[in-house]
Structures are given as C-alpha cells and as structure tokens.
Amino acid sequence: MGSPHPSEYLNLPSVGLKPFPVCCPQSLMESLIPSSLPFSCSHREEEPTMAMLLEPGMQSLRLGANGERCPTPSPPGSPGTPHDSCSIAPLTPSQSPRSEAHSQQTASFAVVVAIDFGTTSSGYAFSFSSDPEAIHMMRFGYTARDYYHDLDPEEAREWLYFEKFKMKIHSTSDLTMSTELEALNGKKMPALEVFAHALRFFKQHAVQELKEQCPSLPERDAIRWVITVPAIWKQPAKQFMREAAYRAGLVSPESPEQLLIALEPEAASIYCRKLRLHQLIDLSCKAAANGLAPEHPIDSSFRQAREQLRRSRHSRTFLVESGMGELWSEMQAGDRYIVADCGGGTVDLTVHQIEKPQGTLKELYKASGGPYGAVGVDLAFEQLLCHIFGADFISTFKAKRPAAWVDLTIAFEARKRAAAPARASALNISLPFSFIDFYRKHRGQNVETALKRSNVNFVKWSSQGMLRMSPEAMSELFQPTISQIIKHIDDLLKKPEVQGIKFLFLVGGFAESVMLQRAVQAAFGAACRVLVPQDVGLTILKGAVLFGLDPTIVRVRRSPLSYGVGVLNKFVEGKHPREKLLVKGGRTWCTDVFERFVAVDQSVALGEVVQRSYCPARPGQRRTIINIYCSASDDALYITDPGVRKCGTVSLELEALGQPAGARREIRASMQFGDTEIKVTAMDISTAKTVRATIDFLSN
C-alpha cells in the first residue's frame with residue numbers, strides 16, 4: 001500500500017454497506033467501499049477528506065486513503081427509582097463521600113496509535129515508546145467521496161452515504177447502542193456499525209503500517225489505542241465510541257486499559273506546551289517575538305506559515321521537544337491559558353494551568369462549548385440555496401441526485417477555504433449541470449430566474465453556470481457561526497475562575513480559517529495573546545499520541561456534572577417534603593435524596609476515587625444494580641428534581657459464598673471521576689477478591 005502524503009488529512013465523509021452501500025462523507029468520514037474494490041491509497045495535494053462507503057452484504061470497509069445521613073437506596077415504587085435499583089443496600093452510613101487517591105499504574109505498550117476521529121477530517125498517528133519524540137502521521141483523502149461522486153445517479157441511490165455523522169452522537173439526547181444514522185438517500189443503519197467500520201479501517205491501515213516498520217511487533221497487547229472525542233461529549237457518547245472500538249476489534253472488552261479516550265482540546269493543550277516560538281503564529285499586534293513584525297497583517301502571516309508547513313511536508317515524521325517548549329519559559333507559576341478547539345462539528349474550550357517544574361496540567365474550569373464548528377458555514381450555505389430555490393426543491397434534489405449534491409458541497413468547500421476578510425474579488429461556485437437541469441424540469445424555469453426573484457443580496461448568476469458570491473455574501477455565511485464562538489469565549493473569560501488568561505490557542509481544522517482568526521484576534525487580542533500552531537490541523541492528533549504515551553499529564557480535571565445516587569435519609573419534619581415521607585419498620589424516612597459523589601465543576605485529581613460500602617439486600621444474591629443520577633447544577637436535593645436524570649447504572653457481579661445465616665457481606669465500590677471516562681471497580685471485603693463491576697451509560 002502506498003504511503004499517503006501528510007497533507008492528506010483523513011476526512012471520513014462516506015461509508016458504504018450493501019444491503020445498501022454506506023458512505024460517511026467528508027465530514028467525519030469520507031470513504032466509499034465497493035465490495036469488489038481493494039483498499040487503495042492515492043496521493044493528493046489538496047486538503048483532504050475521507051468518505052466511507054459500505055456495500056450490501058459487505059463485512060469489510062474500503063476507505064480512500066491519502067495519506068446526617070443514613071444512605072439507603074430508595075425502596076421499590078419510589079419516584080424515579082426502578083425496582084432493580086433496590087437490590088443492594090449501603091453497609092455503613094457516611095457523612096460525606098470518602099475519597100482517596102490511588103497512584104495510576106500505566107501499562108507498558110510498544111507503540112501508541114492515536115485516531116483523530118473528526119466531523120470533517122480524520123487521521124491517525126503513532127509513536128514507538130522507545131522513540132517517543134518521533135510522531136509518525138497518516139492522513140486520508142478524497143478517494144471514497146470521489147468514488148461516490150462518480151457513480152451513475154441510479155447506482156448512487158443504492159449506496160448509503162453518511163455526511164458529518166459524528167455530530168449525531170453529540171446531538172442525540174437518548175443515545176443507545178441501537179441509535180441509527182440516516183444516509184443521504186434516506187436509508188438507515190445502526191450508528192454503531194458505521195463507526196465500527198470506520199475504526200476497523202483505521203486499525204487495518206495502522207497495523208499494516210506498523211508491521212512494515214517493525215515486522216516482529218505482535219498485533220495483540222503491544223498497541224495502546226487512543227481515540228479523540230470532543231471534551232463536551234457526555235459519558236454515553238464516550239462509551240459509544242469505546243463500544244464501537246470493541247466491535248471494530250481494536251481491543252478486547254477484557255482489556256479496556258488498552259484503549260484511552262482523549263479529549264480533543266486537552267490533547268491540543270498537551271502538544272502546545274511542547275511548542276517552540278517559531279512553531280506558532282502570534283496574531284497579537286503587540287508581540288513580535290516569533291519573528292513577525294507587528295505591522296504584518298494576519299492574512300500575510302498565515303499564508304507565510306502555511307507555505308513553510310507545505311514545504312516541510314515531504315516528511316511524515318514530526319519531532320517533538322523532549323522537555324517543555326520555549327513558550328513556557330515566559331510563564332510563571334499560576335499562569336493560565338485557554339485552548340479553543342474549533343473543529344468541523346463542535347467548538348471545545350478548555351482552561352489549563354501548567355504546573356512547574358514537572359509540566360503537568362491542571363484544568364481550571366469544566367470543559368464547555370457547543371455545535372459551532374465549520375459545518376455551521378455549510379448549513380448557512382444550504383439555507384441560502386433553500387431561500388433561492390426553495391427548501392422543498394433542495395430536499396428533493398438531495399434525495400434524488402445525492403452524488404450531484406456532494407459535487408455541489410465540494411465546490412462550496414473549495415471556495416469557503418478561500419474566504420478572507422481582506423478579499424476584494426467575488427467567489428464563483430459551480431452548480432452541477434444536473435442541478436440546473438433538475439431545477440428546470442421541476443420548476444419550469446431556469447436557475448437565473450430563481451436567483452433574480454429571490455432578491456438575495458450580493459449573489460449573482462454567471463453565464464458560465466456559477467453562483468457568483470461577493471466577499472460580503474461569503475462573510476455573511478460565516479458570521480452566525482463565528483459570532484457564537486466569540487460569545488462563548490467571551491462568556492468563559494468572564495468567569496471568576498478564568499481571570500488572568502495569558503494565552504488563547506486556536507486549534508482544529510476551522511482554526512485554519514483566516515475569517516475566524518481575524519474575528520478572534522479583534523475580540524480578544526487586547527486581553528491575551530492569540531496563538532495558532534503552524535500545523536494547526538494536526539495539533540490534536542499529535543497531542544493524542546503524547547497523551548497515550550503518558551496519560552498522567554493532566555493531573556486535575558473538573559467534573560462536567562454532579563453525579564450521585566438516590567438514598568433514604570432520616571425524615572426531618574419541616575425540612576423534607578411530606579410527599580417524600582416513607583414509614584418502614586416503624587421508622588420514618590425521606591425517599592429519593594440525591595447523595596452526590598462529585599459536584600459539578602469540582603476539581604478531581606487523577607486517580608482519586610469515591611468509595612461506598614454496600615451489602616446485598618438478600619443472602620445468595622448474585623447481581624446488584626445501582627442507578628447513577630446526574631445534574632448540571634449543584635443545588636439538586638432529590639433525584640426527582642428538575643434537571644436530575646438517571647444517566648447510568650453500576651452493575652456488580654457477585655460469586656456465591658457459603659456464609660453463615662445472618663452474616664452481612666460487604667462490597668466496596670470505588671468510582672473514579674478524574675479520568676476522561678468514569679470508571680468503577682469493586683472488592684468483596686470478606687474474600688478480598690475483585691468483584692466484576694461495570695458502569696453503563698447507554699442502557700437508559
């Protein structure tokens with residue numbers, strides 16, 4: 001297999017399966033997979049995307065590659081408490097959660113492979129633990145998307161093409177293992193299968209590459225896998241990615257420690273702390289330390305950096321500093337910075353403080369963000385087309401001519417990347433002939449007439465079959481998305497915990513946009529230095545590799561939500577509502593009390609655990625279930641309060657014991673909240689044996 005050029009970043013835009021072929025387009029996935037075609041790699045100099053296409057009956061994926069408490073569970077029948085949650089009872093009351101920190105035991109792996117699974121572009125990188133300063137990159141291109149685009153219109157309708165489908169995982173409030181994705185032609189298939197096919201391709205490609213470099217490397221147990229996800233993703237979405245990785249065969253469910261979930265802005269932060277000054281574009285007018293004179297315009301600085309990067313792309317191996325980068329020599333203890341990960345689908349903000357001298361990171365405020373990625377500009381363009389030609393026509397055209405619609409989005413993407421605040425000339429966007437012909441047949445008029453009747457400002461019709469957009473028209477498409485990003489950063493900077501920010505790093509694919517760079521610099525340049533890594537599109541991927549090599553780099557995180565369980569407390573007249581009163585065994589109890597394990601935005605150290613001791617409610621009980629509840633606020637008192645919801649379950653599998661009648665059996669459960677995923681372990685105190693414990697956020 002040929003080695004793709006590093007400039008081809010994997011964009012999984014399409015996936016194809018047959019029953020119906022499936023495509024995951026130029027967003028997260030762009031790979032087409034006809035059953036008869038082998039894996040292929042091709043070299044392209046363009047900005048890449050990747051599509052995934054699955055053909056009916058196919059089990060393989062072809063991706064175009066370029067490169068005062070008495071805590072007792074509420075009894076059966078209590079509001080919001082299913083009967084199965086009452087099969088275990090706390091052994092001892094406690095006044096507050098018991099926390100104790102455990103040192104992290106890092107397993108040794110020969111190589112770390114990180115997958116940056118993005119909305120509009122994706123890729124993977126790896127580094128051998130014996131040479132951690134060398135990161136080898138692999139990106140993918142447009143082969144799959146182009147394959148789908150070149151299909152006959154009738155044949156294309158038999159393929160499933162999924163566009164920017166990673167956003168579905170973020171936007172679905174009731175995500176489960178059976179959640180489905182809808183392809184461009186309206187057909188559906190399980191989201192887990194689509195994601196697993198994409199990850200399976202990554203695995204096959206990475207393992208082949210590793211074997212070429214190190215033939216003796218065993219495939220099992222030697223590789224630590226890292227998958228990146230937005231920091232604002234909730235626990236169900238993170239578990240979903242883990243389940244997809246299990247199904248793809250990256251690791252076995254019996255070896256969960258072999259797979260790490262990395263948070264995208266966190267990964268970028270880990271890498272940025274290694275950078276030297278010449279590896280950064282400083283957008284601040286007052287700083288010329290990186291060799292750029294203050295009077296140099298931003299557009300010129302960015303183009304200059306892109307040229308330098310392009311010239312260095314003959315190598316797919318990047319070297320990172322063994323210690324801290326020069327930038328941190330300017331920082332004092334306590335200095336803080338923000339990483340704004342502006343990707344295709346989401347924008348993630350993380351606030352970090354570097355701890356000297358060890359260089360570990362401390363999160364100062366819970367991760368925040370929203371669906372303000374570059375796809376917002378694409379949606380604005382689609383809304384513009386709906387305004388000109390009619391929403392019903394655009395919907396019909398997408399369903400009847402899906403390949404031609406992809407062709408149109410490709411044309412817009414190219415012009416979107418050329419947009420800049422200082423641009424004076426218009427941008428031409430080609431309309432496919434099938435679009436023009438389809439509109440004439442369905443509307444009885446030509447597209448030029450429709451454009452004139454729409455009265456859309458700054459958009460004209462070119463006789464060459466193009467929409468001619470003025471710079472002002474293109475700028476209007478960017479503004480809603482950029483305004484949301486600016487507002488979110490501004491709201492974050494107003495938080496008391498985020499005062500005194502020294503740097504603001506822009507990373508992610510959307511951070512390449514000069515439109516976004518100029519807006520962020522104008523809004524915040526006076527308050528802090530706005531910095532863009534030269535290899536901005538690869539920052540997260542490189543940082544994910546570094547995270548896999550040392551998962552203890554981020555020493556303290558902030559809990560995004562409050563987590564806890566529902567318990568019984570002694571009823572206090574005047575304090576507890578009468579509807580919560582329960583009389584049992586001659587004693588009065590208040591039901592459904594929300595007992596927190598951890599509060600929203602609480603600092604939690606890596607390895608820190610919250611422990612609870614429980615005893616089975618019945619002798620001989622073999623399985624116990626504990627319901628976990630969460631809330632975005634810190635003032636919830638009961639599990640039935642608004643905003644409190646059941647978000648998961650902890651399951652404990654118990655072995656049979658020959659205990660004397662009446663003997664109590666203590667099970668000590670430990671939950672860890674300081675990692676990127678919530679983890680649970682348990683021990684049977686009477687036997688000192690580990691109890692099989694699992695936590696599930698996808699079963700609700």
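Residues numbered from 1 in each chain as written. Predicted model: local features only at pLDDT ≥ 70, side-chain atom pairs only at ≥ 80, totals over all residues. Heavy atoms only, no water.

## A closer look at the packing of helix H10 (residues 402–417) against helix H13 (residues 471–493)
Put simply, H10 and H13 touch, their axes get as near as 11 Å, and they point 95° apart. Classified by the interaxial angle, the pair formed by H10 and H13 is roughly perpendicular. Between H10, through Phe412, Arg415 and Lys416, and H13, the contact on the second element is made entirely by Met474, Leu477 and Phe478. Split by residue class, the contact of H10 with H13 holds four nonpolar, no polar and two charged. (Axes fitted to C-alpha atoms, helices over the stretch in contact; angles between N-to-C directions. Helix = DSSP H or I, 4+ residues; strand = E, 2+ residues; numbered from the N terminus. Parallel < 35°, antiparallel > 145°, perpendicular 65-115°, else oblique. Contact = heavy atoms within 4.5 Å. Nonpolar A, V, L, I, M, F, W, Y, C, P; charged D, E, K, R; others polar.)

## Observations concerning the sheet that holds strand E9 (residues 123–128)
Overall, mixed pairing links the six strands, which are arranged E15-E14-E8-E9-E10-E17 in an open sheet. Strand pairing shows two members of the sheet lacking a second neighbour, strand E15 (259–263) and strand E17 (317–319), which therefore form its edges. Neighbouring strand axes in the sheet, compared pairwise and without regard to direction, differ in orientation by 25° on average. Here strand E8 (residues 111–116) runs beside strand E14 (residues 223–229); their pairing, made up of five bridges, is parallel. Residue pairing for E14: Ala114 is matched across the bridge by Val226. In the packing of helix H6 (residues 264–272) onto the sheet, contacts are made with E8, E14 and E15, and the angle to E15 comes to roughly 85°. Along the sheet, helix H15 (residues 539–549) contacts E8, E9, strand E10 (134–139), E14, E15 and E17; its crossing angle with E8, the most-contacted strand, is approximately 145°. (Pairing = 2+ DSSP bridges.)

## Observations regarding unusual backbone geometry
Located in the positive-phi region is Asn455, a residue other than glycine, with phi close to 55°. Looking at the secondary structure, you find Asn455 in the loop between helix H12 (447–454) and strand E22 (459–462). Positive phi is not limited to glycine here, since Asp601 has a value of about 65°. Turning to its location among the elements, Asp601 is positioned in the loop between strand E29 (587–598) and strand E30 (603–605).

## What about the environment of Ala544?
Within the fold, Ala544 resides in helix H15. For Ala544, a relative accessible area of 0% corresponds to the buried category. C-alpha separation for the pair Ala544 and Tyr124, spaced 420 residues apart in sequence, amounts to 9.5 Å. Setting aside residues up to four positions removed in sequence, Ala544 forms contacts with Ala114, Val226, Thr228 and Ala267. (Buried < 20%, exposed > 50% of the residue type's maximum accessible area, 1.4 Å probe, protein only.)

## Thoughts on the packing of aromatic side chains
In the structure shown here, the tally under the stated rule is 21 aromatic pairs. Both rings, one in Phe389 and one in Phe435, keep their centres 5.1 Å apart while their planes meet at 75°; by these two values the pair is edge-to-face. Here the residue Phe389 occupies a position in helix H8 (residues 375–389), and Phe435 occupies one in helix H11 (residues 433–443), the gap between them amounting to 46 residues. Looking at Phe389, the relative accessible area reads 3%, which means it is buried. Note on Phe435: relative accessible area 0%, which makes it buried. The side chain of Lys166 reaches across the aromatic face of Trp233, ending 5.5 Å from its centre. (Phe/Tyr/Trp six-rings, centres within 6.5 Å; stacked < 30°, edge-to-face > 60°. Lys NZ or Arg CZ within 6 Å of the ring centre and 35° of its normal.)

## Examining H10
Think of an α-helix as turning once every 3.6 residues; residues three or four places apart then point the same way. The first and last C-alpha atoms of H10 sit 23 Å apart over 16 residues, in line with the 22 Å expected at 1.5 Å per residue. Three or more residues of H10 are buried, namely Pro402, Ala403, Ala404, Trp405, Val406, Leu408, Thr409, Ala411, Phe412, Glu413 and Lys416. (Expected span 1.5 Å × (residues − 1).)

## As for the pairing of strand E23 (residues 466–469)
Only one face of E23 is buried, namely the one carrying Leu467 and Met469, since none of Met466 and Arg468 on the opposite face is buried. Sheet topology note: the E22/E23 ladder contains four bridges and is antiparallel. By the bridge assignment, Lys460 is partnered in E23 with Arg468. Adjacent in sequence and paired antiparallel, E22 and E23 are bridged by three residues, among which Gly465 carries a positive phi angle near 85°.

## Some thoughts on the pairing of E15
Judged by how many residues are buried, E15 sits mostly within the fold: five of five residues are covered. In E15, alternate side chains face the same way, and those of Leu259, Ile261 and Leu263 on one face and Leu260 and Ala262 on the other are all buried. Where E14 and E15 come together, five bridges link them in parallel fashion. Each bridged residue has a counterpart across the sheet, and for Trp225 the counterpart in E15 is Leu259. Following the chain from E14 across helix H5 (residues 235–248) to the adjacent parallel E15, one finds a crossover that is right-handed. (Right-handed = clockwise from strand over helix to strand, strands pointing away.)

## A look at the confidence of the model for the chain
Taken residue by residue, the chain gives an average pLDDT of 78. The fraction at 70 or more is 76%. Averaged over each element, pLDDT in the chain is lowest for strand E2 (residues 40–42) (27) and highest for E15 (96). Considering only residues more than four positions removed or in separate chains, one finds that residues 1–51, a stretch of pLDDT under 50, has 350 contacts. Considering only residues more than four positions removed or in separate chains, one finds that residues 286–315, a stretch of pLDDT under 50, has 47 contacts. (pLDDT = per-residue confidence, 0-100.)

## Structural notes on the environment of Asp221
Position of Asp221 among the secondary structure elements: in the loop between helix H4 (191–213) and E14. Taking the C-alpha atoms as reference points, Asp221 and Val251, separated by 30 residues in sequence, lie 8.3 Å from one another. Leaving out residues up to four positions away in the same chain, Asp221 has contacts with Phe109 and Gln258.

## Here's the deal with H11
Within H11, the full set of buried residues consists of Phe435, Ile436, Asp437, Phe438 and Tyr439. Against the buried residues of H11 lie H8, helix H9 (391–400), H10, H12 and E22. With its phi angle positive at about 70°, Gly444 sits one or two positions after the end of H11.

## Details of the packing of H9 against H11
H11 packs onto H9 with a crossing angle of 125° between their chain directions and a minimal axis gap of 11 Å. One way to sum up the angle between H9 and H11 is to call them oblique. Taken as a pair, H9 and H11 cross one another with a handedness that is right-handed. Taking contact as the criterion, the partners of Asp392, Phe393, Ile394, Thr396, Phe397 and Lys400 in H9 are, on H11, Ser434, Phe435, Phe438, Tyr439, His442 and Arg443. Residues belonging to the contact of H9 with H11 are distributed by class as follows: six nonpolar, three polar and three charged. (Left-handed = near helix turned anticlockwise from the far one by under 90°.)

## Overview of the pattern of salt bridges
A side chain of one charge can pair with a side chain of the opposite charge if their charged atoms are brought near each other. One pass over the full model with this rule turns up 28 salt bridges. Residue Arg555 is joined to Glu355 by a salt bridge in which the shortest nitrogen-to-oxygen separation is 2.6 Å. Here Arg555 is found in strand E26 (residues 554–558), whereas its partner Glu355 is found in strand E19 (residues 347–355), with 200 residues between them in sequence. With relative accessibility at 34%, the residue Arg555 sits in the partly exposed group. Where Arg623 meets Glu653, a salt bridge forms, and the shortest distance between an N and an O atom there is 3.2 Å. (Salt bridge = Lys/Arg side-chain N within 4 Å of Asp/Glu carboxyl O.)

## A few points about the side chain of Asp341
With respect to the helices and strands, Asp341 occurs in strand E18 (residues 336–342). Despite being buried, Asp341 has no salt bridge partner; Lys166 is the closest side chain of opposite charge, sitting 7.1 Å away. With residues up to four places along the chain from it excluded, the contact list for Asp341 reads Glu264, Pro265, Thr346, Val347, Asp348, Val507, Gly508 and Ile540. (Lys, Arg positive; Asp, Glu negative; His and termini not counted.)

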